[in-house]
Amino acid sequence: MINSRTAAVDVGNDSIKAIFGEVEYELNIPNIVARDTEDRPVIGIEELDNKNPLDGIHIKVHSPALKDNNSIYRVGNLATKSSNATELDPGSSKSEEDQTLIMLFATLALDAVNENNSNAFPRVKNVIDANYTLGTGLPLREVKEGKDAGYRSKLVGSVHQVEFLVTPKYQGLKVNIKFNEVKIYPEGFAAYINLVMDNQLKIINKDLIDKRIIIQDIGGLSTDIAVIKNRNVDDDKAQGFNLGVSESLEAIREEIRSRHGIELDSRRDVVEIITRKNDRNHIMVKGSRTSVHDITDRILLELAKKQYRLLRNIWQKNSQTEICYFVGGGANVLKDYIKTLNNNLDGYNIDFFEDEKESIWMMANAYYKLINDFIRKSEKPKQAQEPVKN
């Protein structure tokens, strides 16, 4: 019997959200990588192990799934400090990018080496053999194009190795990752599951279960619009669009740089500026608190108008829709702008998740529910086949 650990991983454009085991461990890592050398300089190397590993992820990744194999990367917070840091580009396909795989493997490896999980996998000296049953997802557009099958085939049947280089606490450890099973779900469907069902897939929102619903999931690179009817996603009417918040965040970052001479490390810095509770839409310029409200309002309002046009077009084709839920990190960024537009224009019945964490973690939570349901259903036939002991 293979000892396989459950992993639900949402490879979001802004960050990776992952839930492991019996929800006893969660990870949230910025989706940023930077190519690096094997011996990155560290000030105070002897104090390395006193630092947080998540602030110093430095790895070498070997996988037959990668186009650029055996390369060395800074990942997450550490990568934001690099001049060559890369984030996923608008128009790219999540299923075809090396960066998606690098972030996925790094996240699983960080779970495997976590000291609280020392009994989860066999370990010989500095090598850990980790086996996962993975639930993850892709944008609706990519699933409709059949790219989920190719993505899954990259993961199953191979060994993917992550070697920790100059990383606090984990330096020198290697993790061999194998997949017992990989299930890939369309993101719009996953959002619906999370809305109406609990971790055992029991209905928790009876008011919604038989309603006609639109779910507009705004991500970094894409927007998925799922049309729910008779408790199922209408595959013909569900659509995916190459329209996310990344391009607008990049435009804000560039205008702040050109107008104020301030270099922000990543799009995540822009998100923090426009969503934080205190001093929202302000930056420090030469020690003075400076408003960038005019920049953020102009660019984000333009994007909100495009998102609202998508909603209007879908609703016109599905006139008996009762409510639209906006979900995802992008919806959190655009919430106030979309609400204002809706109040001034059509007045559709729309809703947002006021709990920021719930909205951002919605996909990871949904994958967790779905992969555990798959495991439960897979184990029932096995139990039925087992002979009864005297």
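Up top you'll find the structure we're talking about.
Residues numbered from 1 in each chain as written. Predicted model: local features only at pLDDT ≥ 70, side-chain atom pairs only at ≥ 80, totals over all residues. Heavy atoms only, no water.

Draft legend 1. Examining the nonpolar core more closely. With 47 residues, the main nonpolar core has V75, Y132 and F164 as its most contacted residues. The element that contributes the greatest number of residues to this core is helix α1 (residues 98-113), accounting for eleven residues. Counting 38 residues, the second largest nonpolar core, distinct from the first, contains I256, V270, L310 and I350. (Core = buried A, V, L, I, M, F, W, Y, C linked by side-chain atoms within 4.5 Å. Buried < 20%, exposed > 50% of the residue type's maximum accessible area, 1.4 Å probe, protein only. Helix = DSSP H or I, 4+ residues; strand = E, 2+ residues; numbered from the N terminus.)

Draft legend 2. View of the pattern of salt bridges. Going through the model one piece at a time under the given rule, you end up with 25 salt bridges. E250 serves as the salt-bridge partner of R267, at 2.9 Å between the closest nitrogen and oxygen. Linking R267 in helix α7 (residues 267-275) with E250 in helix α6 (residues 246-260), this pair joins segments that are 17 residues apart in sequence. The structure contains a network of salt bridges with shared partners spanning E96, R141, E142, E145 and K147. (Salt bridge = Lys/Arg side-chain N within 4 Å of Asp/Glu carboxyl O.)

Draft legend 3. Structural view of the side chain of T321. Note that T321 resides in the loop between α8 (293-317) and β17 (323-327). The exposure class of T321 is buried, given its relative accessible area of 11%. A polar contact of 2.7 Å, which involves the side chain of T321, links it to the backbone oxygen of N318. What T321 contacts, discounting residues up to four positions off in sequence, is R212, I213, I214 and W315. (Polar contact = N/O pair within 3.5 Å; in protein donor to acceptor, adjacent residues only side chain to side chain. Contact = heavy atoms within 4.5 Å.)

Draft legend 4. Just empty space enclosed by the protein, in detail. The full count for this structure, using the stated rule, is two cavities of 30 Å³ or more. Looking at the largest cavity, its volume works out to about 40 Å³. Taken together, N13, D14, I32, E87, R267 and R268 form the lining of the largest cavity. Reported here for the second largest cavity is a volume of approximately 30 Å³. Around the second largest cavity sit F326, A331, N332, K335, F352, F353 and S359, which together line it. (1 Å grid on protein atoms, 1.4 Å probe; cavity = no way out; pocket = protein on both sides within 12 Å on 5 of 7 lines; lining within 4 Å. Points joined across faces, edges and corners; volume = space filled by probe spheres on them.)

Draft legend 5. Expanded view of the layout of surface pockets. Of the pockets and cavities examined, the largest pocket occupies roughly 720 Å³. Lining the largest pocket are 43 residues, with D14, S15, K17, G329 and I360 sitting closest to its centre. If one sorts the elements of the lining of the largest pocket by residue count, α7 sits on top with five residues. The residue inventory of the lining of the largest pocket, partitioned by class, reads 13 nonpolar, 17 polar and 13 charged. (Nonpolar A, V, L, I, M, F, W, Y, C, P; charged D, E, K, R; others polar.)

Draft legend 6. How the structure looks around unusual backbone geometry. Here the phi dihedral of K125 falls at roughly 55°; this positive angle occurs in a residue that is not glycine. Along the polypeptide, K125 turns up in the loop between β7 (123-124) and β8 (127-138). The exposure class assigned to K125 is exposed, which follows from its relative accessible area of 77%. Phi at K169 takes a positive value of approximately 70°, unusual for a residue other than glycine. Relative to the elements of secondary structure, K169 occurs in the loop between β9 (160-164) and β10 (174-186). The exposure class assigned to K169 is partly exposed, which follows from its relative accessible area of 44%.

Draft legend 7. Region of interest: the packing of α1 against helix α3 (residues 147-155). Close contact between α1 and α3 brings their axes to 12 Å; oriented N to C, the two are set at 45°. It follows that α1 is oblique to α3 by the angle criterion. You can see that α1 and α3 cross each other, and the crossing is right-handed. Together, T100, L101, L104 and F105 of α1 and Y151, K154 and L155 of α3 make up the contact between the two elements. A breakdown of the residues in the contact of α1 with α3 according to their chemical character gives five nonpolar, one polar and one charged. (Axes fitted to C-alpha atoms, helices over the stretch in contact; angles between N-to-C directions. Parallel < 35°, antiparallel > 145°, perpendicular 65-115°, else oblique. Left-handed = near helix turned anticlockwise from the far one by under 90°.)

Draft legend 8. Up close: the side chain of Q307. Following the sequence through the fold, Q307 ends up in helix α8. Residue classification places Q307 among the buried residues on the basis of a relative accessible area of 0%. Leave out the neighbours within four places in its chain, and Q307 touches Q216, I218, T223, L243, L334 and I338.

Draft legend 9. Geometry of the pairing of strand β2 (residues 15-20). β2 sits mainly inside the fold: six of its six residues count as buried. Covered by surrounding structure in β2 are S15, K17 and I19 together with I16, A18 and F20, the residues of both alternating faces. Pairing of strand β1 (residues 5-11) with β2, which is carried by five bridges, proceeds in the antiparallel orientation. Note that in β2 the partner of A7 across the bridge is F20. Here β1 hands over to β2 after three residues, the two strands then running antiparallel side by side. By the bridge criterion, six bridges tie β2 to strand β3 (residues 25-30) in an arrangement that is antiparallel. (Pairing = 2+ DSSP bridges.)

So, to be careful, I would describe these as geometric facts and stop short of saying anything about function.
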